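What follows is the residue order along each chain.
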Amino acid sequence: MIIQKKIYNPMILTIPDDVVLFTILNPEDKMTRKIVMENYINFYAYKDAVSGISYFRFEDFKNYENLDGVEKCLVPMNLIKENSNSLGFLLELLQTDYVISLPIVKKFIDFYGQDADGTHVLFVYGADLDNEVFLCKDFDRFDYVDFTVSFEVMKKSLAMYTAFHFGERESLLAFRINERGSSVIEYAKVYSGFHKLKQDFSSRTAGYGLGAIDFYRKEIRGYPQNIHLIRCWYVLANYMRESVKLMKYRYAVLMEDMAALSGEFPDGGATIDNLSRNADILFFKTGIMTRKQVIADSDRITELSGLVTACRESFRQVCEYFCRAVSHIIKG
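Residues numbered from 1 in each chain as written. Predicted model: local features only at pLDDT ≥ 70, side-chain atom pairs only at ≥ 80, totals over all residues. Heavy atoms only, no water.

Asker: Let's hear about the overall build of the chain: which residues, and what values?
Answerer: Within the chain, the secondary structure is distributed over ten helices and ten strands. For 332 residues, the compact-globule estimate of 2.2 N^0.38 gives 20 Å, and the C-alpha radius of gyration of the chain, at 21 Å, lies within 12% of that figure. Counting across all 332 residues of the chain, residues that qualify as buried make up 51%. Long-range pairs, those at least 24 residues apart, make up 70% of the contacts in the chain between residues at least 6 apart in sequence. Taken as a whole, the chain presents about 15900 Å² of accessible surface, with 49% of it coming from carbon and sulfur. The chain carries 40 positive and 44 negative side-chain charges, and their two centres are separated by 5 Å. (Helix = DSSP H or I, 4+ residues; strand = E, 2+ residues; numbered from the N terminus. Rg over C-alpha atoms; globule rule 2.2 N^0.38 Å. Buried < 20%, exposed > 50% of the residue type's maximum accessible area, 1.4 Å probe, protein only. Contact = heavy atoms within 4.5 Å. Areas by Shrake-Rupley, 256 points an atom, 1.4 Å probe, with all protein chains shown as cover. Lys, Arg positive; Asp, Glu negative; His and termini not counted. Charge placed at Lys NZ, Arg CZ, Asp CG, Glu CD.)

Asker: So what about the sheet that holds strand β2 (residues 43-47)? Which residues, and what values?
Answerer: Here three strands make up an open sheet; going across it, the order is β3-β2-β10 and the pairing antiparallel. Each of the sheet's edge strands pairs with one partner strand only, and the pair in question is β3 (54-58) and β10 (206-208). Strand-to-strand twist of the sheet, defined as the mean angle between neighbouring strand axes without regard to direction, takes the value 15 degrees. Those strands touched by helix α8 (residues 229-259) are β2 and β3, and its axis lies near 5 degrees from that of β3. (Pairing = 2+ DSSP bridges. Axes fitted to C-alpha atoms, helices over the stretch in contact; angles between N-to-C directions.)

Asker: Can you explain the pairing of β3? Please cite residues and give values.
Answerer: Counting buried residues along β3, four of its five residues qualify, which places the element largely inside the surrounding structure. In the sheet, β2 pairs with β3 via five bridges, with the strands oriented antiparallel. Within the sheet, the bridge partner assigned to alanine 45 lies in β3 and is phenylalanine 56. Connecting β2 to the next strand, β3, in antiparallel fashion are six residues, including glycine 52 with a positive phi near 80 degrees.

Asker: Explain helix α10 (residues 298-331) residue by residue, including any values.
Answerer: Its 34 residues give α10 an end-to-end C-alpha distance of 49 Å, which sits within 8% of 50 Å, the value for a rise of 1.5 Å per residue. Positive backbone phi, at 80 degrees, marks glycine 332, one or two positions downstream of α10. (Expected span 1.5 Å × (residues − 1).)

Asker: Account for the environment of phenylalanine 58, naming residues and giving values.
Answerer: Counting through the fold element by element, phenylalanine 58 comes out in strand β3. Among all residues touching phenylalanine 58, those that are not within four sequence positions of it are Ile12, Thr14, Asp18, Tyr40, Asn42, Phe43, Tyr44, Tyr239, Ser243 and Leu246.

Asker: Can you explain the state of the cysteines? Please cite residues and give values.
Answerer: This model, assessed by the stated rule, comprises zero disulfides. With no disulfide of its own, cysteine 73 has cysteine 136 as its nearest cysteine by sulfur position, at a separation of 18 Å. Distance from the sulfur of cysteine 323, which forms no disulfide, to the nearest cysteine sulfur (cysteine 319) is 6.4 Å. (Disulfide = S-S within 2.5 Å.)

Asker: Break down the side chain of threonine 32 for me, with residues and values.
Answerer: Its place among the elements puts threonine 32 in helix α2 (residues 30-38). Leaving out residues up to four positions away in the same chain, threonine 32 has contacts with Met11, Leu25, Asn26, Pro27 and Tyr249.

Asker: I'd like a description of the environment of aspartate 273, backed by residues and values.
Answerer: One can find aspartate 273 in helix α9 (residues 269-291). Owing to a relative accessible area of 40%, aspartate 273 belongs among the partly exposed residues under this scheme. Along the primary structure aspartate 273 and methionine 77 are separated by 196 residues, whereas in three dimensions their C-alpha atoms are 44 Å apart.

Asker: Pulling in residues and values, what's your account of the nonpolar core?
Answerer: Counting residues in hydrophobic clusters, the biggest one holds 79 residues, and the most contacted among them are Phe56, Tyr187, Met247, Leu254, Phe315 and Phe322. The residues touching phenylalanine 56, leaving out its near neighbours within four places in the chain, are Phe43, Tyr44, Ala45, Ala212, Ile213, Tyr216, Leu236 and Tyr239. Ile3, Ile80, Ala127 and Phe151 belong to the second-largest nonpolar core, a separate cluster that totals 32 residues. (Core = buried A, V, L, I, M, F, W, Y, C linked by side-chain atoms within 4.5 Å.)

Asker: Residue-level account of the pairing of strand β6 (residues 119-128), with values.
Answerer: The buried count for β6 comes to nine of ten residues, which makes it a mostly enclosed element. Across six bridges, the pairing between strand β5 (residues 99-105) and β6 is antiparallel. For serine 101, the partnering residue across the bridge sits in β6 and is phenylalanine 123. Taken together, the five bridges between β6 and strand β7 (residues 133-140) define a ladder with antiparallel strand orientation. By the bridge assignment for β7, valine 124 is matched with cysteine 136.

Put into structure tokens, the structure is as follows:
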């Protein structure tokens, strides 16, 4: 017998916590339209107080409890470890249409290799009860692929789990789409999201909206110039490019909803396309440099910073357009 949640090609490929959510979103469903229109708009960047490393994220990361249309179950890892010999709880979650994201010890799982260090967040979307394996997905370089983990290996990995660093996941996260909830898009939330994205707030430890781009860029420009630095620029480029995918989806939804209104409103396709071009240039430039393990010297950093500035301005223009268009919808 196989227990398996229907999953889809994720709309974005950023960090596992984002990808897990988007893997269960059907782009054709009304609830998906609501979730994407209202969330994952704003950027957030912060510096970890312990490691001093800076991170770039969507504001909504690990914040599923605030997403209308998503039901969440959060279980502390100490309870999971205490009952690691019995996987009944995990199987019960899967049987009730949840998918699971939980931290594991990488070295016990063949997919990551015996030399893998530390912990990792594993996505489980089903189980084969006859063969006693969990159905999982994760990144293999740049691809998001399927693999299995046996029940016995899962028990061992959970029993041995210990957070190696402050701030690591200390809980199992399970969630499912709330099919009973309202799928009506609250355009006031959409407006709020784009209004926040327009902001350029940043401090010594964090940044929000367009200010998150400024904060993260400033931080990584101060990193040592070695083969690892270009990876940081790639992270920023990837988030921008994945955000563009969501912008295109939102624009299509917006056009459908605006078609039902009287009067005319300027087309925003050219604005979206300009953002897409700028984000693609930055993404492919950093992607090639990452694959070649290029050392990001001063000249390359100046070039990349200029491309980031072009993307930042394009995001600002997209925000202006969406705020005007959403105001038009709210006014009716």
